[in-house]
Amino acid sequence: MSENKVIDESIQGEALMIEAPLRGNGKKLFLESYGCAMNFSDSEIVASILKDQGYTTTQNFFEADVIFVNTCAIREGAEQRVRQRLTEYKKAKKTNPDLIVGVLGCMAERLKSKFLEEEKLVDIVVGPDAYRDLPNLLLSAEDGNKAVNVLLSKEETYADITPVRLGGNGINAFISITRGCDNMCAFCVVPFTRGRERSRDPETIVNEAKNLFSEGYREVTLLGQNVDSYLWTGGGLKKENLSKEEQENATTFSQLLERVALVNPDLRVRFSTSHPKDMTDDVLYTIAKYENICSYIHLPVQSGNTRILEMMNRGYTREWYLSRIDAIRRIVPDAGISMDIITGFCSETEEEHRDTLSLMEAVQYDFGYMFAYSERPKTLAERKYKDDVPAGVKSRRLAEIVDLQLKHSAIRTKQGVGKIHRVLVEGVSKKSADKLFGRNSQSTVVVFPKENFKPGDYVNVLAETCTGATLIGKAV
Ligand code: SAH
Ligand code: SF4
Ligand code: F3S
């Protein structure tokens, strides 16, 4: 039985047991998420809030009373996908005129009530900081009124809400540690859709990790747009505004990482995303100190050229970035490293594009997420610069970067052949039922014969061969 099923049943069971009729009263929710891990994690908060209202979940939107789509606004393409999806929900609305459709997340926050004008189908628009208001908004929509809440908050972290784990395997779970972002990278819509950065009480983070471990989870990923800027000072204050004593009592990211690692040596800890301007050696030493903190760092670079990085307002130069890579290699020598890159940012020349390729050669990333620049309304770049690299040039540069990354991924994967990897088993291999798959500490996928192992086990696997990005071996 899949974990998903278990969650569904527990939601239904509880709804049936509750005596006083709740607003949801067994109504069915179809909830779908787009975008980054933070959005998926938020959907688990939403599911929790609605479960408390007596809603059950369904995998089939044709039988839903409520459809919620948690949206992403990071690139034009992400928004197009959501709009496409909304046209499919129209079919469900035809068969069930009482169906309520809600748009949640970053695209909702970006478009606000404009969404209601543009898409007649939509009944509710809710931004990422307003999910506690969902029961009220639903009530209003049931009465036939359109409902909007896109207020951003300086405090909301949903720290007290226990997420309902959706669609997972019962092994890995996300834990949000910060919300929002204060960085204002010129290309990025996130500060507008998620508001100011705030950190969550470490006590609630550690407790969530403990509970997950006791439920059988074996890996947690700590989430934030910039995890390195995590700072708990006892309630929202910035470090500069605290007394010396208060500063000493503050919890930094490396201290938080350590506390989560100490929950149990069999609980793996990952985190995302690190920011090159803020990643300290402290964090690297903490990773090196604990076996269960994975040797894997996602360190987006965006460009290998300092002029472009400056225009992007990233807060570092090419040299600074490479010095952070040196620090990783020195302190965590076995680390897997991945990146994000944007091609064709405003005014990027051919030579500057080649700087990105040469930086990739210097680093030899294990993985990468690569995108053509997409101009976003309201961002610094939209207001200040011209989106002047032709689409064809952007996509050709993107193809060159993707090709080089494929080459590097293959080289890095091959370096793992002949070595023994400690693998956390996540499930049965998609390609063959008698094989299991999991990941090593560096986050590379490893496939091996099932024998008597099961998901959640740690298995030492000798890698005997590999494909482009997967190691293949046997348990030793
Ligand atoms: N907070 C993370 C990333 C958030 S968005 C960080 O700072 O690294 C994930 C990635 O999407 C970014 O790293 C960037 O590579 C890409 N991205 C963001 N805005 C974009 C845009 N306007 N066009 C293309 N890619 C973009
Ligand atoms: Fe966007 Fe930059 Fe914040 Fe990342 S750090 S979310 S890219 S503004
Ligand atoms: Fe998209 Fe919002 Fe995440 S814009 S990438 S869902 S923070």
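Since we're looking at a predicted model, the values are computed, not measured. (Residues numbered from 1 in each chain as written. Chains lettered and ligands numbered in written order. Predicted model: local features only at pLDDT ≥ 70, side-chain atom pairs only at ≥ 80, totals over all residues. Heavy atoms only, no water.)

Here we take up the packing of helix H11 (residues 281-289) against helix H13 (residues 318-331). Where H11 contacts H13, the two axes come as close as 10 Å, and the packing angle between them is 25°. It follows that H11 is roughly parallel to H13 by the angle criterion. The way H11 lies across H13 gives a crossing that is right-handed. Facing Asp 281, Leu 284, Tyr 285 and Ala 288 of H11, the residues of H13 in contact are Arg 324, Ala 327, Ile 328, Arg 330 and Ile 331. By residue class, the composition of the contact of H11 with H13 is six nonpolar, no polar and three charged. (Axes fitted to C-alpha atoms, helices over the stretch in contact; angles between N-to-C directions. Helix = DSSP H or I, 4+ residues; strand = E, 2+ residues; numbered from the N terminus. Parallel < 35°, antiparallel > 145°, perpendicular 65-115°, else oblique. Left-handed = near helix turned anticlockwise from the far one by under 90°. Contact = heavy atoms within 4.5 Å. Nonpolar A, V, L, I, M, F, W, Y, C, P; charged D, E, K, R; others polar.)

Close to ligand 1 lie 15 residues; Gln 225, Pro 300, Gln 302, Asp 340 and Ser 374 are nearest. Within the contact set of ligand 1, a nitrogen atom lies 2.8 Å away from a backbone nitrogen or oxygen of Gln 225. In the model, an oxygen atom of ligand 1 is placed 2.7 Å from a nitrogen or oxygen of the Gln 302 side chain. Considering ligand 1 on its own, with 540 Å² of exposed area, one finds that the protein chains cover 90% of that surface. The set of elements that each furnish at least two residues to the shell around ligand 1 consists of strand E15 (336-343) and strand E16 (367-372). When the residues that make up the shell around ligand 1 are grouped by side-chain class, the tally is seven nonpolar, four polar and four charged. (Near = heavy atom within 4 Å. Polar contact = N/O pair within 3.5 Å; in protein donor to acceptor, adjacent residues only side chain to side chain. Areas by Shrake-Rupley, 256 points an atom, 1.4 Å probe, with all protein chains shown as cover.)

All right, on to the pairing of strand E1 (residues 28-33) then. Of all six residues in E1, five are buried; the element is thus mostly enclosed. Direction of pairing for E1 relative to strand E2 (residues 56-57): parallel, over a ladder of two bridges. Bridging from a neighbouring strand, Lys 28 pairs with Thr 56 of E2. Assessed by its sense of winding, the connection that carries the chain from E1 through helix H2 (residues 37-52) to E2 is right-handed. Relative to strand E3 (residues 66-71), E1 runs parallel, the two sharing five bridges. Note that in E3 the partner of Glu 32 across the bridge is Val 69. (Buried < 20%, exposed > 50% of the residue type's maximum accessible area, 1.4 Å probe, protein only. Pairing = 2+ DSSP bridges. Right-handed = clockwise from strand over helix to strand, strands pointing away.)

Turning next to empty space enclosed by the protein. This model, assessed by the stated rule, comprises two cavities of 30 Å³ or more. Looking at which element gives the most residues to the lining of the largest cavity, the answer is H2, with four residues. Considered class by class, the residues forming the lining of the largest cavity number five nonpolar, three polar and six charged. Per-domain counts for the lining of the largest cavity show at least three residues from each of domain 1 (5-149) and domain 2 (172-414). (1 Å grid on protein atoms, 1.4 Å probe; cavity = no way out; pocket = protein on both sides within 12 Å on 5 of 7 lines; lining within 4 Å. Points joined across faces, edges and corners; volume = space filled by probe spheres on them. Domains from an automatic or database assignment.)

Here we have three strands laid out as an open sheet, ordered E7-E10-E13, and parallel in their pairing. Edge positions in the sheet fall to strand E7 (172-176) and strand E13 (268-272), since each of these pairs with one other strand and no more. When the angles between neighbouring strand axes are averaged without regard to direction, this sheet yields 25°. Both E7 and strand E10 (residues 219-223) contribute to a ladder of five bridges, which runs parallel.

Bringing the sheet that holds strand E17 (residues 420-428) into the picture now. Within the closed barrel, the five strands sit side by side as E17-E18-E19-E21-E20. Their pairing is mixed. Mean inter-strand twist for the sheet, computed between neighbouring axes without regard to direction, equals 50°. Here five bridges tie strand E20 (residues 458-466) to strand E21 (residues 470-475), and the two strands are oriented antiparallel to one another. Residue pairing across strands places Thr 465 opposite Ile 472, the latter belonging to E21.

Before going further, it helps to examine the confidence of the model for the protein. The predicted coordinates of low-pLDDT regions are not to be read in fine detail. With 94% of its residues at a pLDDT of at least 70, the protein reaches an overall mean of 92. Segment residues 1-21: pLDDT under 50, and 25 contacts once partners within four positions in sequence are set aside and those in other chains are kept. (pLDDT = per-residue confidence, 0-100.)

Here the protein is described as being made up of domain 1 (5-149), domain 2 (172-414) and domain 3 (420-475). The straight-line distance from the C-alpha centre of domain 2 to that of domain 3 is 27 Å. Facing the 19 residues of domain 2 at the interface are 18 residues of domain 3. Per-residue buried area on domain 2 facing domain 3 is highest for Arg 268, Phe 367 and Thr 413; these three make up 39% of the total on that side. Where domain 2 touches domain 3, the interface holds three salt bridges. Among the ionic pairs, Glu 219 bridges to Arg 439, the shortest N-O distance being 2.9 Å. Elements supplying a minimum of two residues to the side of domain 2 that touches domain 3: E13 and helix H16 (391-414). Residue contributions to the side of domain 2 that touches domain 3 peak at four residues, all from H16. Residues belonging to the side of domain 2 that touches domain 3 are distributed by class as follows: six nonpolar, five polar and eight charged. (Buried area = accessible area lost by both parts, 1.4 Å probe. Salt bridge = Lys/Arg side-chain N within 4 Å of Asp/Glu carboxyl O.)

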